[in-house]
Amino acid sequence: MFYKSISAVVAMTLASSAWAETDLPFALDWKFEGPSAPYFHALDAGYFAAADLNVTISEGSGSLDAIPKVATGAFPVGFADINSLMRFLDQNPGAPVTAVMMVYDKPPFAVVGRKSLGVEAPADLEGKVLGAPPPDGAWAQFPIFAAETGIDTDAITVEPVGFPTREPMLAEGNVAAITGFSFSSTLNLKRLGVPDDDISVLLMADYGVDLYGNAIIVNTDFAAANPEIITGFLSAIGMGWKDAIATPDAAIAALMERNPAADAALETERLQMAIDANVLTDFVAENGMGTIDADRMASAIEQTKSVYEFTTEPDAALYFDGSYLPTDGSLMLK
């Protein structure tokens, strides 16, 4: 009832104001780093403006961060982990939030270790200390990774760590591995001086984890009242990613305008890692960005059920709605 009452007020307020017509605050999952560059490029290239949208972009603090922001109507659109969204909707039935565009077709959930500390394969985690931030999206999926790889979780010492201390602890050798997004943790370790050839990246999707990753999410009340706004927004995002794939330097230039303290070369590498491993998959190259495969989604739900007890039977229709995706070809990345 909480979400329904709040969302009704928000929908009525927004529908009666100019803000609802053009202004669109967008909540990211994380800081202004390489993988967020396509959104800033879409802004600077005028793609949002061409859709009559005034988009403002706010950073986040983790994979779950944008979900309650969008569910309460504080932001009409956001970027979040769809697996966290499943659990959120199970715990908050009727909350007006769903995913409408898949971005990370192959999720960046990873265990990142150091070869010099004995971690090169999943089984190497046994007998080691694993650093994991409790709200981390990759940590949330670790039980599925463990089940698929057959590792003994009782033989792993899990050290709860904060996001700011995660990579420094691994760099200092206080833990042997960490959970995180592959492109974030890898590049953060390199920035801390860990040699590239000492870093092992165990991408969970390469070890039987069939989940999807981060997606654009919407407040469903706002989207239902403003379908053309959401479709225009998604089209602009697709064009931003297409340009970032073709000319990553231009996208990074837009990012650096918002985060001048960043290392442009490092963020270019981070963006390219996300493109190569997470965004431009074979499925996306063939079908375009944004959609999902129904059979794979069903498998992802079954894997989630193996480690999370849903209070009600999960329903894919609650978690993803592809009806707002543009059909003008703007989501074809090649």
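Above this text is the structure in question.
For clarity, every value in this text was computed on a predicted model and none was experimentally measured. (Residues numbered from 1 in each chain as written. Predicted model: local features only at pLDDT ≥ 70, side-chain atom pairs only at ≥ 80, totals over all residues. Heavy atoms only, no water.)

1. Points about the overall build of the protein
Within the protein, the secondary structure is distributed over 16 helices and 10 strands. For 334 residues, the compact-globule formula gives about 20 Å, and the C-alpha radius of gyration of the protein, at 19 Å, lands near that figure. For the protein, the spread of C-alpha atoms along the three principal axes comes to 60 × 45 × 35 Å. Taking all 334 residues of the protein together, 54% fall into the buried category. (Helix = DSSP H or I, 4+ residues; strand = E, 2+ residues; numbered from the N terminus. Rg over C-alpha atoms; globule rule 2.2 N^0.38 Å. Buried < 20%, exposed > 50% of the residue type's maximum accessible area, 1.4 Å probe, protein only.)

2. Concerning helix α3 (residues 37-44)
Among the eight residues that make up α3, six are buried, leaving the element largely enclosed by the rest of the structure. Restricting attention to buried positions, one finds in α3 the residues A37, P38, Y39, F40, H41 and A42. Immediately beyond the C-terminal end of α3, within one or two residues, lies G46, with a positive phi of roughly 85°.

3. Brief notes about the packing of helix α6 (residues 82-91) against helix α15 (residues 294-305)
Between α6 and α15, the least distance of the axes is 12 Å, while the angle of their chain directions is 60°. Considered as vectors, α6 and α15 are oriented oblique to each other. With respect to the hand of their crossing, α6 and α15 are arranged in right-handed fashion. Mapping the contact onto sequence places I82, M86 and R87 in α6 and M297, I301 and T304 in α15. Grouping the amino acids of the contact of α6 with α15 by side-chain chemistry returns four nonpolar, one polar and one charged. (Axes fitted to C-alpha atoms, helices over the stretch in contact; angles between N-to-C directions. Parallel < 35°, antiparallel > 145°, perpendicular 65-115°, else oblique. Left-handed = near helix turned anticlockwise from the far one by under 90°. Contact = heavy atoms within 4.5 Å. Nonpolar A, V, L, I, M, F, W, Y, C, P; charged D, E, K, R; others polar.)

4. Details of the pairing of strand β1 (residues 23-27)
Counting buried residues along β1, four of its five residues qualify, which places the element largely inside the surrounding structure. Across five bridges, β1 lies against strand β2 (residues 54-58) in parallel orientation. Residue pairing for β2: A27 is matched across the bridge by S58. Where β1 and strand β3 (residues 77-81) come together, two bridges link them in parallel fashion. For A27, the partnering residue across the bridge sits in β3 and is G78. (Pairing = 2+ DSSP bridges.)

5. Comments concerning the sheet that holds β3
Strand order in the open sheet formed by five strands is β2-β1-β3-β10-β4, with mixed pairing between adjacent strands. In the strand order of this sheet, the two ends are held by β2 and β4 (97-102), each with one partner. Looking at each pair of strands side by side, their axes are set apart by 30° on average, direction ignored. By the bridge criterion, five bridges tie β4 to strand β10 (residues 214-219) in an arrangement that is antiparallel. Within the sheet, the bridge partner assigned to A99 lies in β10 and is I217. Here α6 sits on the sheet in contact with β3, β4 and β10, set at roughly 160° to β4.

6. Re the environment of G180
Within the secondary structure, G180 sits in strand β8 (residues 177-181). Discounting residues that sit within four places of it in the chain, G180 has contacts with P108, F109, A110, D136, A138, R166 and S185.

7. A few points about the pattern of salt bridges
Inspection of every chain in the model, using the stated rule, returns 13 salt bridges. Two residues, K69 and D65, come together in a salt bridge whose shortest N-O distance is 2.7 Å. For the salt bridge of K190 with E269, the shortest nitrogen-to-oxygen distance reads 2.8 Å. Taken together, the positions of K190 in helix α9 (residues 182-191) and E269 in helix α13 (residues 264-279) put the pair 79 residues apart, joining distant regions of the chain. The class for E269 is partly exposed, based on a relative accessible area of 33%. (Salt bridge = Lys/Arg side-chain N within 4 Å of Asp/Glu carboxyl O.)

8. Remarks on unusual backbone geometry
Trans is the common state for peptide bonds, and a negative phi is the common state for residues other than glycine. Backbone geometry at D52 places phi at a positive 60°, although glycine is not the residue there. Along the chain, D52 turns up in the loop between α4 (47-50) and β2.

9. Observations regarding the nonpolar core
Core analysis: the biggest nonpolar cluster contains 68 residues, and F26, F142, I216, F233 and W241 have the highest contact counts within it. Looking at this core, the element that brings in the most residues is helix α11 (residues 227-246), giving eight residues. With 26 residues, the next largest nonpolar core counts I67, L85, M102 and F320 among its residues. (Core = buried A, V, L, I, M, F, W, Y, C linked by side-chain atoms within 4.5 Å.)

10. Comments concerning the environment of A49
For A49, the position within the fold is in helix α4. For A49 and T98, which are 49 residues apart along the polypeptide, the C-alpha to C-alpha distance reads 24 Å.

Function cannot be inferred from these measures alone, as they are strictly geometric.
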